[in-house]
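A closer look at the structure
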Amino acid sequence: MKPWGGTLVLLLFTTAVLTAQNQSSYMDTTSYSLGIVLSQNLKSQGFDSIDASSLAKGFEDGLSGSGKVSPEQANQYIQQYLQKAAAAAGAEARQEGEAFLAHNAKRPEVKVTESGLQYEVLQEGSGASPSATETVKVHYHGTLIDGSVFDSSVERGQTIEFPLNRVIRGWTEGLQLMKEGAKYRFFIPYDLAYGEQGSPPAIPPYAALIFDVELFEVK
């Protein structure tokens, strides 16, 4: 054997060890990163009170094929949890909306229709009023009761046209109260808006809504 043969073997062995260590470190980092991403995804879906140790155990058992429940049973448990969480969140949103509207209705500038729709006249108009089957051209700015903006033609800088019988009930009723050139603020109960289902992700279930609407033209 040549004089440098032993050195070469040692060098190759050392390189193999370092490579294995680097690969192990790389997988540790990757696994940890997967945990971070998974935790954020779960939190965004409403799983914000998870037992991390049970989650890790379930993950380990799932990988090894030794789970205490089947994947089908696991899915059932998850769906039951989500349904209960949604029901609780919906009940809270409904109560908050009803409390807000009850307080808002006491303001002297707010009028309330038989359906429960509330509105405030910001600017009177002098033109035609639309019927439920006519098309209107408007600007609008929509928020939740906490002020969060979920949609706004004003912010987009572009008016919108639509048939009045193809929107939420609160809009269909409210815009018929307006005349061209008017600007109203509508406070819409959930049952005149997007109801029990909401319009995810922007509008949660049972959400009361606030719209500023300016009516430009009836077509």
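So, here's what we can say about the structure.

Criteria and cut-off values
- Residues numbered from 1 in each chain as written.
- Predicted model: local features only at pLDDT ≥ 70, side-chain atom pairs only at ≥ 80, totals over all residues.
- Heavy atoms only, no water.
- Core = buried A, V, L, I, M, F, W, Y, C linked by side-chain atoms within 4.5 Å.
- Buried < 20%, exposed > 50% of the residue type's maximum accessible area, 1.4 Å probe, protein only.
- Helix = DSSP H or I, 4+ residues; strand = E, 2+ residues; numbered from the N terminus.
- Contact = heavy atoms within 4.5 Å.
- Phe/Tyr/Trp six-rings, centres within 6.5 Å; stacked < 30°, edge-to-face > 60°.
- Pairing = 2+ DSSP bridges.

A few words on the nonpolar core. Judged by nonpolar contacts, the single largest core of 26 residues is most densely connected at Val138, Trp171, Leu175, Phe186, Ile188, Phe211 and Val213. Elements with a minimum of two residues in this core: strand 3 (135-144), helix 5 (169-175), strand 6 (183-188) and strand 7 (209-218). No other element matches the 5 residues that strand 7 contributes to this core. Contacts of Phe186, omitting those with residues within four sequence positions, involve Leu117, Gln118, Tyr119, Gly174, Leu175, Met178, Leu209, Ile210, Phe211 and Val213.

For the coordinates displayed, the defined rule picks out 9 aromatic pairs. Note on Phe100 and Phe187: the rings are 6.3 Å apart at their centroids and 45° apart in plane angle, and the pair reads as tilted. Here Phe100 is found in helix 3 (residues 71-104), whereas its partner Phe187 is found in strand 6, with 87 residues between them in sequence. Given the relative accessible area of 24%, Phe100 is considered partly exposed. Between Trp171 and Phe211 the ring centres are 5.1 Å apart and the planes differ by 90°, which places this aromatic pair in the edge-to-face class. With Trp171 in helix 5 and Phe211 in strand 7, this pair connects stretches of sequence that are 40 residues apart. On the basis of relative accessibility, which here comes to 5%, the residue Trp171 falls in the buried class. Accessibility expressed as a relative area gives 4% for Phe211, which makes it buried. One aromatic cluster in this structure is built from Tyr140, Phe150, Phe162, Trp171 and Phe211.

Right, let's get into the pairing of strand 6. Looking at chain direction, strand 2 (residues 118-123) and strand 6 are connected through 5 bridges and run antiparallel. Across the sheet, Tyr119 pairs through a bridge with Phe186, a residue of strand 6. Looking at chain direction, strand 6 and strand 7 are connected through 6 bridges and run antiparallel. Directly across from Arg185, in strand 7, lies its bridge partner Asp212.

As a further point, take unusual backbone geometry. Trans peptide bonds make up most of the peptide bonds, and negative phi angles are found at most residues other than glycine. The omega torsion across Pro200 and Pro201 is 0°, close enough to zero to call that bond cis. Relative to the helices and strands, Pro201 resides in the loop between strand 6 and strand 7. The residue Tyr206 is not glycine, and still its phi comes out positive at about 65°. Position of Tyr206 relative to the elements: it lies in the loop between strand 6 and strand 7.

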